[in-house]
Amino acid sequence: SRISAGSSRSTSRSQRSSARRPMVKTRAQTLPTISSVIITGAGGKTGKAVFAKCVQDAELERVVGVVRTEKSKKMVASFAPDAKDEDVVVASIVDGTSVKDVINEGKFDALICCTSATPRIMKRSIVKLLVTKVLNFIPGVNMKPAMPTFRWPENGTPEEVDWEGQKAQFDAAVESGVKLVVVCSSMGGTQDDNRLNAIGEGNILKWKRAAERYLIELCKGTNGKTNFTIVHPGGLKGNCKDLEAEGGKVQLTVGVDDTLLEKEYRSIPRADVAEVLFQSLKTSEALNRSFDVASLPEGEGVPFDGDLGTLLRDGLPKQSVKGGTCDYTLGEVFPPSTSGVEEEEEAEAKTA
């Protein structure tokens, strides 16, 4: 078995976690007990921070991180020294069979999905940008500022990673009995013309939102056996090299339906995003909720102390259409339906 060796933590971890967290009841929902978790995208900046936090948590008996390469595995292991070698697994998220095998073999209580397509800047565009900048110093020259252009790596487009790859993870999670799926997504999903969609003509936010809709409907079909939490961070800051130094320094703000994008300050430290994702495992107020999160500038307000429940209770707009969760009737329905085209092609085939 690919991950059977990681089926138990150290003796000290098992002893410390013997007193499990009780079921926490809210007015409408019950938070499931989570003792094992798998983190996909653990090789990314946010994912590795989530993995490290989970490994250090005494209540989690089994933690597995999924990365794309052996190089990423070594990097994650050095960042989370408490983790064992078998706690980090190399698997392809865009290969539905590969990710399905990892999730099914583990029989995890929770999945934290931190996977995301990542564009690569085209070197030629950097040269053009620098040349234009230099030429504009010449008196009489007023060239339009050049913008960098991006491309998506092979097998790494938003459609492949954020749509097909996430669907494969969600399907495997429901099939294997995962109780909670936590997703790190992005703000901007209600804005069809958001500039991030134009990067490499990838429509990344549209594919992410499509995957979110898919997950919500999938969970509804389980009659409460699988739940979700979807987190939309604002602009990410920091590299998560030192979680204590980078996290817990700013006050967090929450909202729904991209209203936080109307504010002047819309960024958030990655370390705090990692903490929100981690705390979602323990917070009944986050259950079956989709919300946006950003922060105030450092030095303003009260720094986030990890109490996600209070943040959501006090910060989410109860007067919103969905009562403090994102409204998925907003934004373009994506991907566009092809049923009309298929019917037309079928009719043409019959008359041919």
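Residues numbered from 1 in each chain as written. Predicted model: local features only at pLDDT ≥ 70, side-chain atom pairs only at ≥ 80, totals over all residues. Heavy atoms only, no water.

A. Region of the structure containing the overall build of the protein. Broken down by element type, the protein carries 11 helices and 14 strands. Every one of the 352 residues in the protein was classed for burial, and the buried ones make up 49%. Considering only contacts in the protein between residues 6 or more positions apart, those separated by 24 or more positions represent 81%. Total accessible area on the protein is roughly 17900 Å²; 51% of this is exposed by carbon and sulfur atoms. (Helix = DSSP H or I, 4+ residues; strand = E, 2+ residues; numbered from the N terminus. Buried < 20%, exposed > 50% of the residue type's maximum accessible area, 1.4 Å probe, protein only. Contact = heavy atoms within 4.5 Å. Areas by Shrake-Rupley, 256 points an atom, 1.4 Å probe, with all protein chains shown as cover.)

B. View of unusual backbone geometry. Cis geometry marks the peptide bond from Phe334 to Pro335, where omega comes out at 0°. In this structure, Pro335 sits in the loop between helix H10 (308–315) and helix H11 (339–351). The phi angle at Asp258 is positive, at roughly 65°, despite the residue not being glycine. Within the secondary structure layout, Asp258 lies in the loop between strand S12 (252–255) and strand S13 (267–269).

C. A look at the packing of helix H4 (residues 96–106) against helix H6 (residues 158–176). Two elements in contact, H4 and H6, have axes whose closest approach is 9 Å; the angle formed by their N-to-C orientations is 30°. One finds that H4 runs roughly parallel with respect to H6. In this structure, H4 crosses over H6, and the sense of that crossing is right-handed. Note on element contacts: H6 touches H4 through Ala168, Gln169, Ala172, Ala173, Glu175 and Ser176, opposite Gly96, Val99, Lys100, Ile103 and Asn104. Of the residues contributing to the contact of H4 with H6, the split by class is five nonpolar, four polar and two charged. (Axes fitted to C-alpha atoms, helices over the stretch in contact; angles between N-to-C directions. Parallel < 35°, antiparallel > 145°, perpendicular 65-115°, else oblique. Left-handed = near helix turned anticlockwise from the far one by under 90°. Nonpolar A, V, L, I, M, F, W, Y, C, P; charged D, E, K, R; others polar.)

D. Local environment of helix H9 (residues 270–279). Most of H9 sits inside the fold, with 10 of its 10 residues counted as buried. Every buried residue belonging to H9 is among Arg270, Ala271, Asp272, Val273, Ala274, Glu275, Val276, Leu277, Phe278 and Gln279, and all of these are buried.

E. Representation of the packing of aromatic side chains. A complete count under the given rule lists three aromatic pairs for this structure. With a centroid separation of 4.6 Å and an interplanar angle of 75°, the aromatic rings of Trp207 and Phe334 are classed as edge-to-face. Here Trp207, found in helix H7 (residues 204–220), pairs with Phe334, found in the loop between H10 and H11; they are 127 residues apart in sequence, far enough to count as distant. Trp207 gets classed as buried once you look at its relative accessible area, which sits at 9%. If you follow Arg62 out to its NZ or CZ, it ends over the ring of Phe108, 4.7 Å from the centre. Directly above the ring of Tyr214 sits Lys167, whose terminal nitrogen or CZ lies 5.5 Å from the centroid. (Phe/Tyr/Trp six-rings, centres within 6.5 Å; stacked < 30°, edge-to-face > 60°. Lys NZ or Arg CZ within 6 Å of the ring centre and 35° of its normal.)

F. Inspection of the environment of Ala42 at higher detail. With respect to the element layout, Ala42 can be found in the loop between strand S3 (36–40) and helix H2 (45–56). What makes Ala42 buried here is its relative accessible area of 0%. Along the sequence, Ala42 and Cys114 sit 72 residues apart, while their C-alpha atoms lie 6.9 Å from each other.

G. Representation of the sheet that holds strand S5 (residues 88–90). The eight strands are arranged S5-S4-S3-S6-S9-S10-S14-S12 in an open sheet whose pairing can be described as mixed. The sheet is open, and its two borders are formed by S5 and S12, each paired with just one other strand. Across the sheet, the mean angle from the axis of one strand to that of its neighbour is 20°, orientation sign disregarded. Looking at chain direction, strand S10 (residues 227–233) and strand S14 (residues 289–295) are connected through five bridges and run parallel. Each residue of the ladder has a partner; that of Thr229, found in S14, is Arg289. Across the face of the sheet, H10 comes into contact with S12 and S14 while running at roughly 55° to S12. (Pairing = 2+ DSSP bridges.)

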